[in-house]
Amino acid sequence: MNEETLVLRVGIEGRWEAAEFAKSLSALDQLYLTRFALTLEHEELRELRDFYMEGPFGPMPYLHSSRSLRRWLKAAPPGVFRRERQLEILGGPGDAGPAIAELLEDHERLLVQRVIYGSPGIKDLFGVGEIVGHLKDLLVRLIDHCSTRRQRKLENDRRELENRKLELEVAKEFVALARDIGYTKREMRQLVAKTVEQQQPLVRLITAGKIVSADTLEGELEKG
């Protein structure tokens, strides 16, 4: 995994309760960990596949695509790390977040760099650039969707159903990598449901007009 770092800058407005700050940071951290775990699994599977490609049977170039990676995975030796990794990503009922958190090095974690409280204000979070970029994209999509929802107001149950569908699509896109590494339809449904749950505190804050923007910036972690 490319370990270049980025800053996620979240624009905030309005008056925040302490609990809202805690929930928003926890939600961002859980989503970051979910995507980190999927990216790590994808990388490890490619390395394992490449090891077999260079093995006694000689080069097998047809294994290079994502589709072939899924096919290879079905034929790969079982029990290498798939089940353990899925448990790390999904966690168990009531878990605060993915168990992968225990395996991260200090420089891989999502860290709070700066909080400026005000209207407008910012929250700057520092982490692995590849993962931070995906987290920013998820926030931008939710902001675009929820801001529109706020403006038009909910008119009926059909519109509410459309909102839920859009939130589900955002979650599916965020964890789509799991499909490339062989997750079954049942596992994908579990992962998407977990992601929808993780993003709900952010949806509520965006709908309330308290999270208003998301962007990424280059920078190094400031020492306290």
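In the block above lies the structure referred to throughout.
What you are looking at is a predicted structure, and each value in this text was computed from that prediction instead of being measured.

Reading guide: rules and limits
Residues numbered from 1 in each chain as written. Predicted model: local features only at pLDDT ≥ 70, side-chain atom pairs only at ≥ 80, totals over all residues. Heavy atoms only, no water. Helix = DSSP H or I, 4+ residues; strand = E, 2+ residues; numbered from the N terminus. Buried < 20%, exposed > 50% of the residue type's maximum accessible area, 1.4 Å probe, protein only. Contact = heavy atoms within 4.5 Å. Areas by Shrake-Rupley, 256 points an atom, 1.4 Å probe, with all protein chains shown as cover. Core = buried A, V, L, I, M, F, W, Y, C linked by side-chain atoms within 4.5 Å. Pairing = 2+ DSSP bridges. Axes fitted to C-alpha atoms, helices over the stretch in contact; angles between N-to-C directions. Phe/Tyr/Trp six-rings, centres within 6.5 Å; stacked < 30°, edge-to-face > 60°. Salt bridge = Lys/Arg side-chain N within 4 Å of Asp/Glu carboxyl O.

Caption draft 1: Focus on the overall build of the protein. Helix and strand counts for the protein stand at seven helices and four strands. For the protein, the N- to C-terminal ordering of α and β elements is β-α-α-α-β-β-α-α-α-α-β. Taking all 224 residues of the protein together, 45% fall into the buried category. Contacts in the protein between residues far apart in sequence, at least 24 positions, make up 77% of those at least 6 positions apart. Split by element, the accessible area of the protein, about 12400 Å² in all, is 53% carbon and sulfur.

Caption draft 2: Seen up close, the nonpolar core. Ranked by internal contacts, the top residues of the largest apolar core, which has 46 residues, are Leu8, Leu28, Tyr32, Leu38, Leu135, Leu139 and Ile211. Looking at this core element by element, the count peaks at 11 residues for helix H1 (residues 18-53). Discounting residues that sit within four places of it in the chain, Leu135 has contacts with Leu8, Leu28, Leu31, Tyr32, Leu110 and Phe174.

Caption draft 3: The arrangement of the sheet that holds strand E1 (residues 5-12) in detail. Taken together, four strands build an open sheet; the order of strands is E2-E3-E1-E4 and the sheet is antiparallel. The open sheet has two free edges, formed respectively by strand E2 (111-116) and strand E4 (211-217), since each of these has just one partner strand. Direction aside, the axes of adjacent strands within the sheet are offset by 20° on average. In terms of strand pairing, E2 meets strand E3 (residues 121-128) through five bridges, oriented antiparallel. Following the sheet pairing, Val112 is matched in E3 by Leu125.

Caption draft 4: Here's a closer look at the packing of aromatic side chains. A complete count under the given rule lists three aromatic pairs for this structure. Measuring from centroid to centroid gives 4.8 Å for Trp16 and Phe21, while their planes differ by 40°, and the two rings are tilted. Comparing Trp16 with Phe21, the two get one shared label, buried. For the pair Tyr32 and Phe36, a centre-to-centre distance of 6.2 Å together with 40° between the ring planes defines the contact as tilted. Taken as a pair, Tyr32 and Phe36 lie in helix H1 at a separation of four residues, close to a single helical turn. Across the pair, Phe36 and Tyr32 agree in class, each one buried. By way of ring pairs, the aromatic residues Trp16, Phe21 and Tyr117 are connected into one cluster.

Caption draft 5: Representation of the pairing of E1. The pairing of E1 with E3 spans eight bridges and is classified as antiparallel. Bridge pairing in E3 links Gly11 to Ile122. Pairing between E1 and E4: six bridges, direction antiparallel. Bridge assignment links Val10 to a residue of E4, and that residue is Ala214.

Caption draft 6: How the structure looks around the pattern of salt bridges. As enumerated under the stated definition, the model contains seven salt bridges in all. For Asp106, the salt bridge identified is with Arg109, shortest N-O distance 4.0 Å. The exposure class assigned to Asp106 is exposed, which follows from its relative accessible area of 60%. Two residues, Glu173 and Arg141, come together in a salt bridge whose shortest N-O distance is 2.4 Å. Of this pair, Glu173 sits in helix H5 (residues 157-174) while Arg141 sits in helix H4 (residues 129-152), and the two are 32 residues apart along the sequence.

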